[in-house]
Amino acid sequence: MSNKKPHVTLIGAGPGDPDLLTIKGAKALAKADIILYDALVNPSLLELAPQAEKLFVGKRRGCHAYSQNEINELIVSSAYTYGHVVRLKGGDPFVFGRGSEEISYCENFGIETTVIPGITSAIAVPASQGISITQRGVSESFWVITGTTSDHQLSKDVALAAQSSATVVILMGMSKLSEIVSLYKRNRTDNLPVAIIQDGTKEEEKCGYGTIETIEEVVKEKKLANPAIIVIGDVVKNATKLQEYFEEIFYEDEFLFQNLNLTPFSKS
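Here the structure is a predicted model, which is why all the values come from computation and not from measurement.

**Q** Requested: an account of the sheet that holds strand 8 (residues 142-146), with residues and values cited.
**A** Spatially, five strands are ordered 8-9-12-10-11 in an open sheet, and the strand pairing comes out mixed. For this open sheet the edge positions go to strand 8 and strand 11 (206-211), each flanked by a neighbour on one side alone. Sheet twist, expressed as the average angle between the axes of neighbouring strands with direction ignored, equals 15°. Pairing analysis gives four bridges linking strand 9 (residues 167-171) to strand 12 (residues 228-232), with the strands arranged antiparallel.

Here's what the structure looks like:
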């Protein structure tokens, strides 16, 4: 047992680039006695806390170091053993990060907690590719959806989102890509642009761009896999970096514009 008062700080590590950690998060890391970190955390962030013990508790598809219940118990026991626990999670811990569950568990034991939000990958990763998930005259709203629910099924919200004009951002959805594509084909007649960004904002970042009709082939060709973000909507083709790419796709078939109500790019 530590003589230090137990305290848990939950920090969002951001989308992957270590420079996207907040200043407040960096200050908290420097005061940590132990860090419990996840699989999506950039390992270089641990260098900000040379004084702290480090424990990997990450979960990846098919490989769980600890169950969520075990993680909850580890956080509490570490707080009593070490003092200041930093729970470091990728992105923002309150966006499909189960951060609220971990905080609630700690507070049930009377442990003081602090939450330091992170930059969510749902917005930052598309932005890093010049994709604005809202855009005047194109998209007035956006959905952020988990591709795989707790029972390992595709979220039913994807079907609802597919019927709207909103931009759709799907996290943890690569294993369900064929289902997502089939769902869009059933619910829509337009061949929407799609971006898939793997390891967004990291040095090893990989991207694939296409449409609902072509994106599965793009994924095979570029060997894209998790962790990746799927972005679906007209905002994708309006991204500055991608305009030339989608111009080539959609100008190949003028029938597409005439029958699917797509707005052609203006050629200079």
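**Q** Lay out the pattern of salt bridges in plain terms, naming residues and giving numbers.
**A** Enumeration over the complete set of coordinates arrives at eleven salt bridges. A salt bridge links E112 to K5, with the nearest nitrogen and oxygen atoms 2.7 Å apart. Taken as a pair, E112 in strand 7 (residues 112-116) and K5 in the segment before strand 1 (7-12) lie far apart in primary sequence, 107 residues in all. With a shortest N-O distance of 3.9 Å, K176 and E179 are connected by a salt bridge.

**Q** Now, about the nonpolar core: what can you tell me, with residues and values included?
**A** Judged by nonpolar contacts, the single largest core of 24 residues is most densely connected at Y184, I196, I230 and I232. At the level of secondary structure, the elements contributing two or more residues to this core comprise helix 5 (157-162), strand 9, helix 6 (177-187), strand 10 (193-198), helix 7 (215-222) and strand 12. Broken down by element, this core gets its largest block of residues, five residues, from helix 6. Residues contacting I232, with those up to four places away along its chain left out, are A166, T167, V168, I170, I180, Y184, L192, P193, V194 and I212. Membership of the second largest hydrophobic core comes to 16 residues, among which are L21, L29, A52 and L88.

**Q** Break down the confidence of the model for the chain for me, citing the residues and quoting the values.
**A** Residues of the chain with pLDDT of at least 70 account for 87%, and the chain-wide mean is 90. Counting interchain partners and residues more than four positions distant, the pLDDT-below-50 stretch residues 253-268 has 24 contacts.

**Q** Outline the side chain of H84, listing residues and values.
**A** Looking at where H84 falls in the secondary structure, it is placed in strand 6 (residues 84-89). H84 gets classed as buried once you look at its relative accessible area, which sits at 14%. For H84, the side chain forms a polar contact with the main-chain oxygen of K31, separated by 2.9 Å. Dropping the residues within four chain positions of it, H84 is found in contact with H7, T9, A28, K31, A32, D33 and I34.

**Q** Please provide a residue-by-residue account of the packing of helix 6 against helix 7, values included.
**A** When two helices pack together, their arrangement is captured by the angle between the axes and the distance separating the axes. At a closest axis distance of 10 Å, the pairing of helix 6 and helix 7 adopts a crossing angle of 160°. The orientation of helix 6 with respect to helix 7, classified from their angle, is roughly antiparallel. Mapping the contact onto sequence places L177, S178 and V181 in helix 6 and I215, E216 and V219 in helix 7. For the contact of helix 6 with helix 7, the class distribution of residues is four nonpolar, one polar and one charged.

**Q** Got a sec to walk through helix 4 (residues 121-128)? Specific residues and values, please.
**A** What helix 4 keeps buried is the set S121, A122, A124, V125 and P126. Buried residues along helix 4 sit against strand 8, strand 9, strand 10 and strand 12. Of the residues that open helix 4, the one with a side-chain oxygen 3.2 Å from the backbone nitrogen of A122 is T120. Of the residues flanking the end of helix 4, it is G130, one or two places downstream, whose phi is positive at about 80°.

**Q** Residues and numbers for the packing of aromatic side chains, please.
**A** For the coordinates displayed, the defined rule picks out two aromatic pairs. A ring pair is formed by Y105 and F109, whose centres lie 5.2 Å apart and whose planes are at 45°; its orientation type is tilted. Assessed through its relative accessible area of 25%, Y105 is described here as partly exposed. The partly exposed category is assigned to F109, whose relative accessible area is 42%.

About the cut-offs
Residues numbered from 1 in each chain as written. Predicted model: local features only at pLDDT ≥ 70, side-chain atom pairs only at ≥ 80, totals over all residues. Heavy atoms only, no water. Pairing = 2+ DSSP bridges. Helix = DSSP H or I, 4+ residues; strand = E, 2+ residues; numbered from the N terminus. Axes fitted to C-alpha atoms, helices over the stretch in contact; angles between N-to-C directions. Salt bridge = Lys/Arg side-chain N within 4 Å of Asp/Glu carboxyl O. Core = buried A, V, L, I, M, F, W, Y, C linked by side-chain atoms within 4.5 Å. Buried < 20%, exposed > 50% of the residue type's maximum accessible area, 1.4 Å probe, protein only. Contact = heavy atoms within 4.5 Å. pLDDT = per-residue confidence, 0-100. Polar contact = N/O pair within 3.5 Å; in protein donor to acceptor, adjacent residues only side chain to side chain. Parallel < 35°, antiparallel > 145°, perpendicular 65-115°, else oblique. Nonpolar A, V, L, I, M, F, W, Y, C, P; charged D, E, K, R; others polar. Phe/Tyr/Trp six-rings, centres within 6.5 Å; stacked < 30°, edge-to-face > 60°.

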